[in-house]
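# Residue-level structure breakdown
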Amino acid sequence: MQVAILGCGYVGLELGRQFTDAGHEVVGVRRSDAGLDAIEAAGFDAVRADATDADSLDAVPDVDWVVYAASAGGRGVEAARAAYVDGLRTAAETFGARESPPDRLVYTSSTGVYGDHDGGWVDETTTPDPATDRQRVLLEAERIALDAPVDGTVVRFGGLYGPDRYRLDYYFDGPVTEGYLNSVHRDDAAGVVAHLLSTDRARGDVVLAVDDEPVSKWAFADWLADECGVDRPPKQTVAERDDASRRVRANKRCANDRLHELGYDFRFPTVREGYRPAIEAFRAD
């Protein structure tokens, strides 16, 4: 199959590698020179285009699958709206209007759209309650993906981690705020998207991409410190934080039963397996 990955960054690069290894033809799309260089270094074709500019998308060839994985980075809500809502709408309309439109569209969203559930469980049947304006933008983009002229799928990622994103210092230094981690390793985040497309699953559906075990942040921080041979970090309740925004208070446990029903097998079922390379590297230093 031919695949275009728009916003080909942290997850998109790994997804491109996985698709390429599986024999698919992949095009990664970015706006910046650095982004294009990273795509070429990952071993597949790079195309410069801006998803918010329909004319620039002419540079992207016809494909069977489009993955929209753009990120607005740490910028404000207007940048998020441009990246997620405006860009996705433009891409969906532009590719959908082609003489040879794609068969599938996948939009990568976030479990942040659920908001706070006081540590309770959520799944695909749970009504979202976004905690911030940025997360409300993500939910608006989800509706665009599911209403697109191409069959859309929304994949809600948990907290991404993996190479270059283990954040050991964050856990070592503390204070670590209470609550649950709902995580997914970068390789599994990409693997979920690849699986849903290659097996033709979840057309028109929402799927949570989280690992098998939501874990207490405090318990995880202590386990990580013990494994690395450092002091356990200080802890902090949400009430003790001066900057305890609604996002910080968004405590929940995300279930991945649906993902298992769809036949996905995790490379890293929990953070204990996923953090092992970082632990071993830290011990070796």
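Below: a short report on this structure. Numbers given to residues run from 1 along each chain, matching the order in which its sequence is written. Since the coordinates come from a predicted model, pLDDT governs what is reported: local features require at least 70, and pairs of side-chain atoms require 80 or more to be given and counted, while whole-chain, interface and lining totals use all residues. The side-chain numbers reported here are obtained from all heavy atoms of the structure, hydrogens and water having been left aside.

### Notes on the overall build of the protein
Here is the rule we go by: Numbering of helices and strands starts at the N terminus; helices are DSSP runs of H or I of at least 4 residues and strands are runs of E of at least 2. Atoms counted for the radius of gyration: C-alpha only. Globule rule: 2.2 Å times residue count to the power 0.38. Surface accessibility follows the Shrake-Rupley procedure with a 1.4 Å probe radius. Residue values consider only the protein chains on display as shielding. Counting rule applied: Lys, Arg positive; Asp, Glu negative; His and chain ends not counted. To locate a charge, the coordinates of NZ of Lys, CZ of Arg, CG of Asp or CD of Glu are taken.
Each helix and strand counted, the protein has 10 helices and 15 strands in total. Here the protein has a C-alpha radius of gyration of 19 Å; the compact-globule value for 285 residues is 19 Å, and the two agree. Projected onto its principal axes, the C-alpha coordinates of the protein cover approximately 60 × 40 × 35 Å. In the structure as shown, the protein presents an accessible area of about 12700 Å², 44% of it carried by carbon and sulfur atoms. Positive and negative side-chain charges in the protein, numbering 32 and 52 respectively, have mean positions lying 4 Å apart.

### Thoughts on a negative patch on the surface
What counts here: Patch membership needs two things, relative accessible area over 30% and no salt bridge, and members are linked within 9 Å if like-charged or within 5 Å if nonpolar (Val, Leu, Ile, Met, Phe, Trp, Tyr). Whenever Lys or Arg places a side-chain nitrogen within 4 Å of a carboxyl oxygen from Asp or Glu, that contact is recorded as a salt bridge. Burial classification: accessible surface area is computed with a 1.4 Å probe over protein chains only, and a residue below 20% of its type maximum counts as buried, one above 50% as exposed, and the rest as partly exposed.
Residues E25, D37, E40 and D45 make up a contiguous surface patch of negative charge. Relative to the helices and strands, E25 is located in strand β2 (residues 25-30). Judged by relative accessible area, which is 53%, E25 ranks as exposed.

### Focus: the pairing of strand β3 (residues 45-48)
For clarity, the threshold we go by: At least two DSSP bridges between two strands are required for those strands to pair. Handedness is read with the strands pointing away from the viewer; a crossover is right-handed when the path from the first strand over the helix to the second is clockwise.
Of the pairings in the sheet, the one linking β2 to β3 comprises four bridges and is parallel in character. By the bridge assignment, V27 is partnered in β3 with D45. In this region the chain leaves β2, passes through helix α2 (residues 33-42) and returns to the parallel neighbour β3; the handedness of that crossover is right-handed.

### Observations regarding unusual backbone geometry
Cis geometry marks the peptide bond from G174 to P175; its omega dihedral reads -5°. Relative to the helices and strands, P175 is located in the loop between α5 (168-173) and β9 (176-177). Phi at D164 is positive, roughly 70°, even though this residue is not glycine. One can find D164 in the loop between β8 (159-161) and α5. Here the phi dihedral of A202 falls at roughly 65°; this positive angle occurs in a residue that is not glycine. Within the fold, A202 resides in the loop between α6 (186-198) and β12 (206-209). A residue is classified by how much of its surface remains accessible, and A202, at 7% relative accessible area, is buried.

### Describing the pairing of strand β4 (residues 65-68)
The alternating pattern of β4 places W65 and V67 and V66 and Y68 on opposite faces, both of which are buried. Sheet topology note: the strand β1 (residues 2-6)/β4 ladder contains four bridges and is parallel. Note on β4: the bridge partner recorded for A4 is V66.

### Re the packing of helix α7 (residues 217-228) against helix α10 (residues 276-284)
Let me state the cut-off plainly: Whenever a helix is involved, its axis is fitted only over the stretch in contact; in every case the axis is a line through C-alpha atoms, and angles between N-to-C directions fall within 0 to 180 degrees. Between 65 and 115 degrees an angle is taken as roughly perpendicular, under 35 as roughly parallel, over 145 as roughly antiparallel, and anywhere else as oblique. Should the near helix be turned anticlockwise from the far one by less than a right angle, the crossing is termed left-handed; should it be turned clockwise, right-handed. Note on contacts: a residue pair qualifies if any of its non-hydrogen atoms lie within 4.5 Å across the two residues.
Two elements in contact, α7 and α10, have axes separated by 9 Å at closest approach and are oriented at 40°. Classified by the angle between their axes, α7 and α10 sit oblique to one another. As α7 packs across α10, the resulting crossing turns out to be right-handed. Between α7, through W223, L224, E227 and C228, and α10, the contact on the second element is made entirely by R276, I279, F282 and R283.

### A few points about the packing of aromatic side chains
The cut-off we apply is this: Within 6.5 Å between ring centres, the rings of Phe, Tyr and Trp (the latter by its six-membered ring) count as paired, and their orientation is classed by plane angle as stacked under 30 degrees, edge-to-face over 60, tilted in between. Think of it as a cone above the ring: NZ of Lys or CZ of Arg counts as a charge over the ring if it is within 6 Å of the ring centre and within 35 degrees of the ring normal.
Under the criterion given, the structure shown has 11 aromatic pairs. Judged by centre distance (5.1 Å) and plane angle (65°), the ring pair of Y166 and Y275 falls under edge-to-face. One end of the pair, Y166, is in the loop between β8 and α5; the other, Y275, is in the loop between α9 (271-274) and α10, and 109 residues separate them in sequence. With respect to burial, Y166 and Y275 carry one shared label: buried. Ring pairing ties together the aromatic residues Y161, Y166, Y170, Y171, F220, W223 and Y275, which thus form one cluster. The ring centre of Y10 lies 5.6 Å from the NZ or CZ of R186, which sits over that ring.

### Some points on empty space enclosed by the protein
So the rule is basically this: Cavity: a set of points on a 1 Å grid over the protein atoms alone where a 1.4 Å probe fits but cannot get out. Pocket: an open set with protein on both sides within 12 Å along at least five of seven lines, its lining residues, like those of a cavity, having an atom within 4 Å of a point. Grid points are joined across faces, edges and corners, and a volume is the space filled by probe spheres set on the points.
Scanning all chains against the criterion turns up one cavity of 30 Å³ or more. When its volume is computed, the largest cavity comes out at roughly 30 Å³. Counting residues per element, the lining of the largest cavity draws most heavily on helix α3 (residues 77-96), which supplies three residues.

### Section: the nonpolar core
Condition: Remark: nonpolar core denotes a set of buried residues (Ala, Val, Leu, Ile, Met, Phe, Trp, Tyr, Cys) joined through side-chain atoms within 4.5 Å.
In this structure, L6, V60, Y68, Y84, L88, L105 and Y107 are the most contacted members of the largest nonpolar core, which totals 40 residues. Of all elements in the fold, only β1, β2, β4, α3, β5 (104-110), α4 (133-146) and β12 reach the threshold of two or more residues within this core. In terms of residues, this core owes the most to one element, α3, which gives eight residues. Among the nonpolar cores identified, the runner-up in size contains 33 residues, and V3, C8, F44 and F157 belong to it.

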